[in-house]
Amino acid sequence: MGKIYILMGKSASGKDTIYAKLREAHSELLPVVTYTTRPIRQGEEDGREYHFVSEETMLALEEAGKILEKRVYHTKKGDWYYFTAEDGSVDPAGRSSYLMISTLEGYVKIRDFYGAGQVVPLYITLDPAIRRERAYARERKEKNPCMEEVDRRFEADEKDFSEENLRKAGITEHFENLDLEETLAAVEQRIFDVESKE
């Protein structure tokens, strides 16, 4: 199997944009789309950002032993689940490399499942003030905006991506997203460096 590159970062750090640009430029990196029970947002497409599923579908996958990692967020709009499923999108016997977005907790569980040598973290960071402005602007575009939910996500991110948790997960490299093109180039170089050693 090739590598699984996992983009992660706090809310509104730009990881979704970087993921989309990497997918456009590097068709050789096959997408691994994770799942969520949260409602689809304006501009999203099922099967692109996430597979948007019901809790019933999630429970059926769980009963079948197909869920690699799962987490729940107790949001202002109810409980939302996010998870990664073993749905055939990754071929452990193949030579292809993969690209996906996950959380720090998700990265650790996926790394432990496939092996540390197969999974490469790509941690995107950005100044909190810029992230908050972006998050509020994005939320205002929603049909029923909820700024309290943005604030909740920011508080949760501080715990989820604490320095202690990053250290425990072995995350030492950060890509600060001050300039999208520069950040994208740095991420591409990291992927190239890993792939060239294969």
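Scroll up to find the structure this text is about.
The sections below set out a description of the structure shown in this document. Since this is a predicted model, take the numbers as computed values, not measurements.

So, how was this worked out
Residues numbered from 1 in each chain as written. Predicted model: local features only at pLDDT ≥ 70, side-chain atom pairs only at ≥ 80, totals over all residues. Heavy atoms only, no water. Helix = DSSP H or I, 4+ residues; strand = E, 2+ residues; numbered from the N terminus. Buried < 20%, exposed > 50% of the residue type's maximum accessible area, 1.4 Å probe, protein only. Areas by Shrake-Rupley, 256 points an atom, 1.4 Å probe, with all protein chains shown as cover. Pairing = 2+ DSSP bridges. Contact = heavy atoms within 4.5 Å. Axes fitted to C-alpha atoms, helices over the stretch in contact; angles between N-to-C directions. Expected span 1.5 Å × (residues − 1). Left-handed = near helix turned anticlockwise from the far one by under 90°. Nonpolar A, V, L, I, M, F, W, Y, C, P; charged D, E, K, R; others polar. Core = buried A, V, L, I, M, F, W, Y, C linked by side-chain atoms within 4.5 Å.

**Section: the overall build of the protein chain**
For step 1, the next point in the chain: Of regular secondary structure, the protein chain possesses seven helices and nine strands.
For step 2, the next point in the chain: By principal-axis analysis of the C-alpha atoms, the protein chain measures approximately 45 × 45 × 35 Å.
For step 3, the next point in the chain: Looking at the protein chain as a whole, 46% of its 198 residues are labelled buried.
For step 4, the next point in the chain: Element-wise, carbon and sulfur atoms account for 48% of the exposed surface of the protein chain, whose accessible area totals about 10600 Å².

**Structural notes on the sheet that holds strand β4 (residues 51-52)**
For step 1, the next point in the chain: Strand order in the open sheet formed by four strands is β4-β3-β6-β5, and the pairing between neighbours is mixed. The open sheet has two free edges, formed respectively by β4 and β5 (67-75), since each of these has just one partner strand.
For step 2, the next point in the chain: Direction of pairing for strand β3 (residues 35-36) relative to β4: parallel, over a ladder of two bridges. For Tyr-35, the partnering residue across the bridge sits in β4 and is His-51.
For step 3, the next point in the chain: Relative to the sheet, helix α5 (residues 147-160) contacts β5 and β6 (78-85), its axis offset from that of β5 by approximately 130 degrees.

**What about unusual backbone geometry?**
For step 1, the next point in the chain: The phi angle at Ala-12 is positive, at roughly 65 degrees, despite the residue not being glycine.
For step 2, the next point in the chain: Take Ala-12: it is sitting in the loop between β1 (4-9) and α1 (15-25).
For step 3, the next point in the chain: With a relative accessible area of 11%, Ala-12 lands in the buried category.

**Some points on the pairing of β5**
For step 1, the next point in the chain: Sheet topology places β5 next to β6; eight bridges connect them, and they run antiparallel. Counterpart to Lys-70 in the pairing with β6 is Phe-83.
For step 2, the next point in the chain: In this structure, the hairpin formed by β5 and β6 is closed by a connection of two residues.

**Examining α5**
For step 1, the next point in the chain: In this model, α5 (14 residues) spans 20 Å end to end at C-alpha, consistent with the 20 Å of a helix rising 1.5 Å per residue.
For step 2, the next point in the chain: Turning to α5, its buried residues number three or more, namely Glu-149, Val-150, Arg-152, Arg-153, Phe-154, Ala-156 and Asp-157.

**Considerations on the packing of helix α4 (residues 128-140) against α5**
For step 1, the next point in the chain: Between α4 and α5, the least distance of the axes is 10 Å, while the angle of their chain directions is 145 degrees. Handedness of the crossing formed by α4 with α5: right-handed. Note on element contacts: α5 touches α4 through Met-147, Val-150, Asp-151, Arg-153, Phe-154, Asp-157 and Glu-158, opposite Pro-128, Arg-131, Arg-132, Ala-135, Tyr-136, Arg-138, Glu-139 and Arg-140.
For step 2, the next point in the chain: In terms of residue class, the contact of α4 with α5 is built from six nonpolar, no polar and nine charged.

**Side note on the environment of Lys-143**
For step 1, the next point in the chain: Mapped onto the fold, Lys-143 is located in the loop between α4 and α5.
For step 2, the next point in the chain: A sequence separation of 101 residues divides Lys-143 from Gln-42, and the C-alpha atoms of the two residues are 7.8 Å apart.

**Looking at the nonpolar core**
For step 1, the next point in the chain: Counting 19 residues, the largest nonpolar core has Ile-4, Ile-6, Met-8, Leu-104, Tyr-107, Tyr-114 and Ile-171 as the members making the most contacts within it.
For step 2, the next point in the chain: At the level of elements, β1, β7 (97-101), α3 (104-114), β8 (119-125) and α6 (163-169) are the ones that each hand at least two residues to this core.
For step 3, the next point in the chain: In terms of residue count, the dominant contributor to this core is α3 (four residues).
For step 4, the next point in the chain: Residues Leu-7, Leu-29, Val-120 and Val-194 belong to the second largest nonpolar core, which totals 16 residues.

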